[in-house]
Each structure stands twice: as structure tokens, then as C-alpha cells.
Amino acid sequence: MKIIASYSIKGGVGKTAASVNLAYASAKAGNETLLIDLDPQGASSFYFRIGASKKESRSYFFTKKNRLLKNIRGSNYKRLDILPANLSFRNFDIMLSSMNKSKKRLKEILSSLEDEYDLIILDCPPNINLLSENVFNAADMVLVPVIPTTLSERTYEQLLNFFQNNNYKKKIIHPFFSMAQSKNKLHHQTITDMEQRYPVFMKSIISFSPEIERMGIHREPVLAYASKKNHVQAYRTLFNEIVNVLAKDK
Amino acid sequence: MKTSQINQAHYLLPDNLTKKLFLDTLKSSFSLKQVENTTENFSVLDNFEWRLYQKKLMAIRHKDQSISLWNESDLFDDELALKIGDITSQSKFWWDFPDSPAKKTLKPILNLRALHPVYNGVLKIEEFNLQNENGKTLVFCQLISICDTERPRIPIMRQIRISSVTGYIKEYNLADKLLLGLNAFEPTLPPLDSLLGAIGVSPQIYTVKPELNIPANMPARAAVSSIISTMIEKQRLTEHGIIKDIDTEFLHHYRVAIRMVRAAIAQLKEVFPPQDITVLKQRFGNLAKETNYLRDIDVFILDKARYMNFLPESMRNDLLPMFDDFEKNRQTEAKRISRWIGSRVYRKEIEELQLLFSNGYSAVETAWSEKPTIELAVNKIQKTYKKIYKAALKINNSTPDDEIHDIRIDCKKLRYLLYFFGSEFKKKKLKIVLNHLKSLQDKLGIFNDLTVQGEFLKNYLIQLEHKPKKDIMLIASLGGLISTLYTMQIQERDKCIKELAVFSNDDNQQLFSNTFIVSSRGLPKAHKRAKK
């Protein structure tokens, strides 16, 4: 079982779109896949037409495997399950800080799902806090969407510094360009510069596309309703690239 | 989730349930989203022996000629099908298929047999997701309908499968309840039997080996008639496949069946009047002889890859002209045999022969004709075994090949006797005897094949002499092949001699005399009473 986190300190960079479509691509490729919506806003869950569970339970997430399993919902697609977000997730930090081994709780509970899934994708909230550190400890790959702008570049560097200062393995960070606009000169320049500076960038680039924006109306992964469009297929190529990277890391 | 209990139910829909009522009932509680709807002409495939069916597998050929293969538990689940694409309607043997898991599965099952259609019809697959008002799928649902090609709108079978979605078990139970309310019913048979039954296909398992249960006290002639009659039936079942040239196994089994008939006539001749024996031998002999050449070429062509590998790589292609010749000859010969078996003359002959035995052969009584079968069986089995072990004792390194071949023929006779009368003896001991015999026959068989193949090649070489244009490389590679076969033949001969020594040792002699006996214990009750 592998765990991928779709993560960025910055919001609105395409984390959820990536999580949802990569999870879909993974299930279609035959993997038992679980998408965990860690963001209390519940956008991933929304895209899969799953409402947040009504009861606002507290600490089950990090402690009780059975209760965690009970909250998992099948999606409209075979082999793709969702653990929907819950408003209580906003209190993850408080919950975690009161626990011992507070930075490894997520890793522990996820590893108990080893027999159930081939791939777990974490759709993370935009933050850098105790939950993020749990994510860094748990994930085999931290996939970072980067909009090719100066500001995003800065946030990406902040993340690298954080990893450096806190002794996390930088090699698990795999950035990719997200919401890139081919006609935008600044985007073009930033991509060229950053690819040179950080060869670790994934080759697949997710472009800005109205089709992707319409996911909120369709309420399904864009790969499910517009899979033939070039911009959309980039998610599938990104998934294949991820598979190769994970296989090499083995 | 891998280990979650995905609930699944299969039902057959009653004939009188209309599609409208079916859909309306589901719509009363769910929104229906159709995600798949395909209709196509298709064929269910199997080989003549129903080996796929026996392995609980089903293969279908789609309209585009591709093949899907399922375990019976996954029937029609597109995602779980093993698929074979990139093939034509002519691709019917495992070696015609591109490398794939499906090919790997089929290879040992099909062996030399062709996959051929056992049913043609129209297949309609509809998949509905049962959803809530938000468009969230709560239950997966698949409806399979099969119709006759001639009446493609009227289903002769409708099967529904519902599967639960993780976290929505209540909704699954509701769908289940709705279906049961429509009198959907669980098939009583396993999925494959249920499907084949519904479309009116009944598998006839075929094996050329007879399973005879001849009572020990049955009069010998009646028993031998029944053996011969069974074998002629088996022979006749292969005729259709030879006429259509479906695969080479039909002819092979045709010949095996005739060989057993001829063995029964020759070995158990005492039950028939001597003048009849000559005629019967000749009539069945003619049937066998007619097919000799086609079988010889079949064997050669089937072994093409093996022969090529006997030669150094650089010479392998030089053999190809010979195989081209064989292929051409095969085509002509197979057509001739197909015409012959389809002819009125053949049918008249085989029907006459069949009639002679189907109700017991009628002729004047002979010394053996009315004796209990067991006495005939024991006498013949013991005599044949004695003949083999006496000959085996004399074998040494200078024994001519012909004598080894004679032993091989006697072993075959013994094997057939055991097939015919095996049920009259103790199962456990018989199994040991058969295992010994099989091991010996395998070695003798290889030895014989090498000799026959060497001869066949020599004859081909002689024919080449008359050709105006001499292909030197072909002649050279044939020479290489013949000498390789000869070296192998010598090695096999040694193995045969060693195996024969085992077969004729004291232990085995003891085993034979203990196993094949006429004891009052070995006889059924009725016979014991008669003896008293």
C-alpha cells in the first residue's frame, strides 16, 4: 500500500482537483483506492456527491480503525472509496496535541488499512501544522501542486525549508505545475526557471482548463466526463508518472 | 475496500415480468442511471470435450471476434474478464492467440483442441446505478439478457446482479427486497449450469476412453458386443468434427476408437465364429487404413516447432519447404477424408457395422460366447501379460527393434483389455497395474514415434529425388533431422529395456496373478448363487 498526499501550504492551487482525479485514475487502473478528505471544507467529498457524516465525532479518526472503516463510503466508481470530511476535522490539531506520538498518529492508523487498499490519497487542507507533520510522516509521496507564479514559488521554497529544518525527507516531495496557462508569458518563464532549479518537478503539467473548473457542476472527476480532452488527460499521465516514481522508490 | 463484505446477489427474472414493471419498481425507491447498454451477436465457446465447462470457465466470442473468458463466479463482469483481442474468426487454437493471461489459462485446457461455438445468440448487457436524489450511487445493478438470433427482442434468459457500495448496505437490502417482490429467484444450479440450461445448451462430456461397467457374469459375447458398440458410438461422435475439420483430435479419437474395436475383435475372437472374424477385421481395418496418411501428417505438423529446434538455428528455415509441402498435402488429404466420411458409401458401411453390435452380435454359439465375461477377461489378461513378460525377459542390447515394437503392441492390447474389463477387478490393485503399464507404454511410445517419424522422413527424402529441382539445404537439414531422431531412438531404446525389466520382475508377476483372478469373491452375488 502506498500513500500519496496532495498538499500545499497555499490554498486554491488545485490540490482537490488533483486528489479527485488521481484517485479516479488509480481505481480505473485496477487499484483499490481510498481518498481521504482531510479538509474540513469537504470539497473532495462534494465532488463525489457524498455528504459529511452528520454526527460530529471526535477522536475516532486517530484511534479506532473499525469506526474509521464504518465512515468510509463507496463512490460511484468501482474500487474507489472515500472517507468524507467532517467538520470535526477542523479540530485535528487540538486532538493531536493531546495525544502521545502526536506526529505519527496518522501513519499508525493508515498503516492499519494495509490489507484494504493499494493506494491512499490524502486531500490535505492548506496549512502547515501538526496535521501536516502527520501527513509528512505518513506519506510515501507528498505531491505539491505549484501554480507557476512567483508567489507559489515562494511557498514551495518555504515547504522545502520546513522539511530541511524539521528533518523530514525532502525526497518525498514531488511538485508539479498546476493551473498553468500556456499563453501566459510569466507562467512560461516560471516553469522554465523552476524546472531548471528543481529537476524533481514532475513532467506532467496540469493546465488551467474550464473543463476542470466545471467539476463543481458535474460533481464528478473531470476524467469521468471529459476524459478525451488533452488538458484532462494530463491527470492520467501524471498518475502514470507517479506510479513510476513510486516503483523506483521501492 | 478489498476485504469489505461486498454483498452481491444473482437472480433470474421470471419470464412474465415486463421490463417496464422491473424498471418502475426500482424507480419507486431509486433514481436509475444507465451507465452501459450494449447489444451484440455472440457465441459461447468450448471445445468438443467441454473442458472449459468442466473447469467452470466460460468463453464468449464477441461480434468483433475478440474473446472474453470468465470464471463462472464472475460471468459477464467486464472488468474481471480475461480478454483476447487482435484475432480473427479463424483464431481458434491457443497458439493462434497473442500472449496474454487468457492464453496462458487456455493453453493447458484446450491442448490440441479448437475453441468452437456451442451456442450463438444475442447478448444484451445493461448496467444501471441505483442512485439517490444527489446522483450518488448506492447500489450497482447489471441486467444480462440473452435472446435467440432469430428472435432478438424476446429474451430467453434474464439475469440480474446487484452489488452493494461500501457504506450503503441499507439501500442494498432495499433493492434486494424490491427484486424479490418481483419474484426474481435465485438459480438452483451453479452459475454456468444455470446459464447454459436457460439457453438450452446441455454439455455432453466426451472422452474416448470407455467407461464400461460390464457385469462379471454377463455372457462373453454380449459383453464384447457391448464394448464394440460403445466404441463405434464414440467413433461416430467424432465424424462431424472430421467433416468440418475443426481440429486434429477428432481424427485422432476416431482412430483410437476403431483401434479399440479392432483390438476387441482380434483379442476376444473366441466369442465370434471364426469365419466372421476375418470379415470384421477387414471391414474395420479398411476404415482405419483410410485415415493413416492424414494422421501421419497431422502428427508431423503439430510437432513442427520441436523438429525445427532439433536443428542448428541457421538451418531451421531450410526445413520450411517440407512443412509447406505437408500443409498442402494435409489440405488435400483432409478434404478427401471429409468427403469420404460424409459420403453415402461410408455411412452405409458404418451403419451396417453398428447395427451388427448394437443389440448383441447374433451368430451361432461358440465355445466361449456364453461363458461369464470374467473368465474370458482373466484368461486374456493373464495370457497377454505372460506374453509380454516372457518377451521382456529375452530382451537385451542386441534384440532387434521389431521385437521391442511387438512388445509395445502387446502392451497396448493389455491396456485395452484393462479398459474393457477393469471394472471387474479390485480398483486399488488395478490402479497400480495401470500405472506400471502407463509408465512402460509412455517409453515404448516415444521409441515407436521416433522410429515412425524417421521412416516418414526417409520416405519424404526419397520422393525428393524425383523432383526436377533439388533443394540441397532441405536435403541436408532432413539428413540432420533423421540422424538426430536416430540418436534419440537409441537413447529411448535403453530406457525401454530398463522399464521392461521392472515390468516383468517377480513383484509385478505376483501383482498380475493376484489381481486378475476368477474368485467367488470377485463375482457378483447373482453369479455366486448360480455357481452354487
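Keep in mind the model is a prediction, meaning the values are calculated, not measured.

A. Quick peek at the overall build of chain B. Along the backbone of chain B there are 20 helices and 8 strands. Each principal axis of the C-alpha atoms in chain B carries an extent, and together these give about 90 × 75 × 50 Å. Looking at chain B as a whole, 31% of its 532 residues are labelled buried. Restricting the contact set of chain B to residue pairs at least 6 apart, pairs at least 24 apart contribute 69%.

B. Focus on the interface of chain B and chain A. Chain B puts 13 residues into the contact, and the matching count from chain A is 13 residues. Here the side of chain B that touches chain A is built from residues that sort into 3 nonpolar, 7 polar and 3 charged.

C. Summary view of the domain arrangement of chain B. All names here are of chain B. In terms of domains, chain B is made up of domain 1 (8–198), domain 2 (210–367) and domain 3 (372–532). If you average the C-alpha positions of domain 1 and of domain 2, the two centres end up 40 Å apart. The partner domain 2 presents 7 residues to the 5 residues of domain 1 that form the contact. Looking at the side of domain 1 that touches domain 2, its residues break down into 3 nonpolar, 1 polar and 1 charged.

D. Spatial organisation of helix α13 (residues 230–249) of chain A. Residue and element names in this part refer to chain A. Its 20 residues give α13 an end-to-end C-alpha distance of 29 Å, which sits within 8% of 28 Å, the value for a rise of 1.5 Å per residue. Among the residues of α13, V232, A234, Y235, L238, F239 and I242 are the ones counted as buried. Buried residues of α13 fall within an arc of 145° about the axis and therefore sit on the same side. Residues N230, N244, A247 and K248 are exposed on α13 and point more than 90 degrees away from its buried face. Check the buried side of α13 and you find it contacts β1 (2–6), α1 (15–28), β6 (141–146), β7 (173–177), α10 (210–213) and α12 (222–225).

E. Summary view of the sheet that holds strand β6 (residues 116–131) of chain B. All names here are of chain B. Read from one edge of the open sheet, 8 strands run β1-β8-β7-β6-β2-β3-β4-β5, paired in antiparallel fashion. Single-partner strands in this sheet number two, and they are β1 (8–12) and β5 (82–84). The average undirected angle you get between the axes of adjacent strands in this sheet is 30°. Of the strand pairs in this sheet, β1 and strand β8 (residues 155–164) are connected by 5 bridges, and their pairing is antiparallel.

F. A look at unusual backbone geometry. Its identity is not glycine, yet W50 of chain B carries a phi of approximately 55°, on the positive side. Position of W50 of chain B relative to the elements: it lies in the loop between β2 (31–46) and α2 (51–54).

Calculation notes
- Residues numbered from 1 in each chain as written.
- Chains lettered and ligands numbered in written order.
- Predicted model: local features only at pLDDT ≥ 70, side-chain atom pairs only at ≥ 80, totals over all residues.
- Helix = DSSP H or I, 4+ residues; strand = E, 2+ residues; numbered from the N terminus.
- Buried ≥ 20, exposed ≤ 12 C-beta atoms within 10 Å, placed from the backbone.
- Contact = placed C-beta atoms within 7 Å.
- Nonpolar A, V, L, I, M, F, W, Y, C, P; charged D, E, K, R; others polar.
- Domains from an automatic or database assignment.
- Expected span 1.5 Å × (residues − 1).
- Arc of directions from axis to C-beta.
- Pairing = 2+ DSSP bridges.
- Axes fitted to C-alpha atoms, helices over the stretch in contact; angles between N-to-C directions.

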